[in-house]
Amino acid sequence: MTVIERVDIAPRTGGFVRVAAGRLVTVVDVDGGQVADLYAWSADDPTEYLSAQHTRAITDSLFPAVGDDFYTNRRRPILHFERDDTPGVHDMLIASCDAERYALLGCDPDHASCSDNFRAAMAASGIGDPGFTPQSVNLFMAIPVDADGGLSWEPAVTRPGDSLTLRALMDCVIVVSACPQDVIPINNLDPTRVAIEVRDQ
Ligand SMILES: [Zn+2]
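Our subject in this report is the structure included herewith.

What counts, and at which threshold
- Residues numbered from 1 in each chain as written.
- Predicted model: local features only at pLDDT ≥ 70, side-chain atom pairs only at ≥ 80, totals over all residues.
- Heavy atoms only, no water.
- Donors = N, O, S within 2.8 Å, 3.2 Å for Na, K, Ca; no water.
- Buried < 20%, exposed > 50% of the residue type's maximum accessible area, 1.4 Å probe, protein only.
- Helix = DSSP H or I, 4+ residues; strand = E, 2+ residues; numbered from the N terminus.
- 1 Å grid on protein atoms, 1.4 Å probe; cavity = no way out; pocket = protein on both sides within 12 Å on 5 of 7 lines; lining within 4 Å.
- Points joined across faces, edges and corners; volume = space filled by probe spheres on them.
- Nonpolar A, V, L, I, M, F, W, Y, C, P; charged D, E, K, R; others polar.
- Contact = heavy atoms within 4.5 Å.
- Polar contact = N/O pair within 3.5 Å; in protein donor to acceptor, adjacent residues only side chain to side chain.
- Core = buried A, V, L, I, M, F, W, Y, C linked by side-chain atoms within 4.5 Å.
- Phe/Tyr/Trp six-rings, centres within 6.5 Å; stacked < 30°, edge-to-face > 60°.
- Lys NZ or Arg CZ within 6 Å of the ring centre and 35° of its normal.

1. Some points on the coordination of the zinc ion
Ideal geometry at a metal gives 109.5 degrees between four tetrahedral donors and either 90 or 180 degrees between six octahedral ones.
And then number 1: Coordination of the zinc ion by the protein comes from C97 (SG), C114 (SG) and C179 (SG), over a distance range of 2.2 to 2.3 Å.
And then number 2: Residue classification places C97 among the buried positions, given a relative accessible area of 7%.

So this is what it looks like as structure tokens:
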């Protein structure tokens with residue numbers, strides 16, 4: 001496989017790639033211990049996008065795993081989970097961080113957020129800012145569920161260079177945010193870099 005495009009995403013920021021159906025997209029946790037919020041949007045229909053809640057309803061699972069497809073809000077497959085070179089811990093329950101989340105945590109009003117990163121990347125992609133942020137798939141994020149249904153927020157366990165690979169099942173824009181959360185320990189209190197690589201077959 002040949003890398004035909006690489007987008008390096010600085011800590012606390014976002015990036016995007018446009019991919020044709022069939023392309024492979026690798027998301028890399030460059031420094032390790034970093035959550036990457038993932039979004040995918042149909043290139044042909046500005047109202048169709050990857051939906052974590054619709055995905056859970058089809059995969060019958062709270063969390064994604066190799067072999068699963070990710071589905072849109074129209075219940076069509078948009079991405080396939082092709083390969084996982086990480087410890088295999090990812091989240092599909094938690095909403096992206098946003099300005100309101102940081103306000104509740106007592107942060108400055110201008111604290112970076114995955115929601116802002118997503119909407120800026122969508123505007124830059126040419127599709128346009130949709131005006132809202134769908135629930136992300138939170139790659140490398142550790143949110144274990146206990147027997148009573150309780151959630152806990154754990155530090156990401158990925159190592160430097162860990163990655164996973166997705167296959168686009170429709171022409172789409174894929175947005176990734178290097179989560180800027182530095183108040184609770186999901187990024188080990190030290191937000192770092194991620195990268196997106198597009199590969200041919
Ligand atoms: Zn975030």
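2. Quick notes on the environment of R23
And then number 1: Secondary-structure assignment places R23 in the loop between β2 (14–19) and β3 (24–29).
And then number 2: Given the relative accessible area of 32%, R23 is considered partly exposed.

3. Concerning the layout of surface pockets
And then number 1: Put simply, the largest pocket is a space of about 160 Å³.
And then number 2: Along the walls of the largest pocket sit 16 residues, with I94, A95, S96, C97 and R101 positioned nearest its centre.
And then number 3: Looking at side-chain class alone, the lining of the largest pocket contains ten nonpolar, three polar and three charged residues.

4. Describing the environment of N188
And then number 1: Turning to its location among the elements, N188 is positioned in the loop between β9 (172–178) and β10 (194–199).
And then number 2: Of the residues examined, N188 reaches a relative accessible area of 41% and is grouped as partly exposed.
And then number 3: Setting aside chain neighbours within four positions, we find N188 in contact with G33, P155 and A156.
And then number 4: At 3.3 Å, the side chain of N188 and the backbone oxygen of A156 are in polar contact.

5. Details of the nonpolar core
And then number 1: In this structure, V19, L38, F70, L79, L139, I174 and V176 are the most contacted members of the largest nonpolar core, which totals 30 residues.
And then number 2: Broken down by element, the residue count for this core peaks at four residues, all from β9.
And then number 3: Not counting the four nearest positions on each side in its chain, L79 is found in contact with L38, A40, L50, D68, D69, F70, L166, R167, A168, L169, C172 and I174.
And then number 4: Among the nonpolar cores identified, the runner-up in size contains 20 residues, and M122, I143, A156 and V175 belong to it.

6. A word on the packing of aromatic side chains
And then number 1: Taken as a whole and judged by the stated rule, the model has six aromatic pairs.
And then number 2: When the ring of W41 is compared with that of F118, the centres are 5.7 Å apart and the planes differ by 35°; the resulting orientation is tilted. Of this pair, W41 sits in strand β4 (residues 36–42) while F118 sits in helix α3 (residues 114–125), placing them 77 residues apart in sequence.
And then number 3: Note on W41: relative accessible area 1%, which makes it buried.
And then number 4: Overall, F118 belongs to the buried group, its relative accessible area being 0%.
And then number 5: An aromatic cluster is defined as three or more aromatic residues linked by ring pairs; in this entry it consists of Y39, W41, Y49, F118 and F132.
And then number 6: When the ring centre of W153 is taken as reference, the NZ or CZ atom of R101 above it lies at 4.9 Å.

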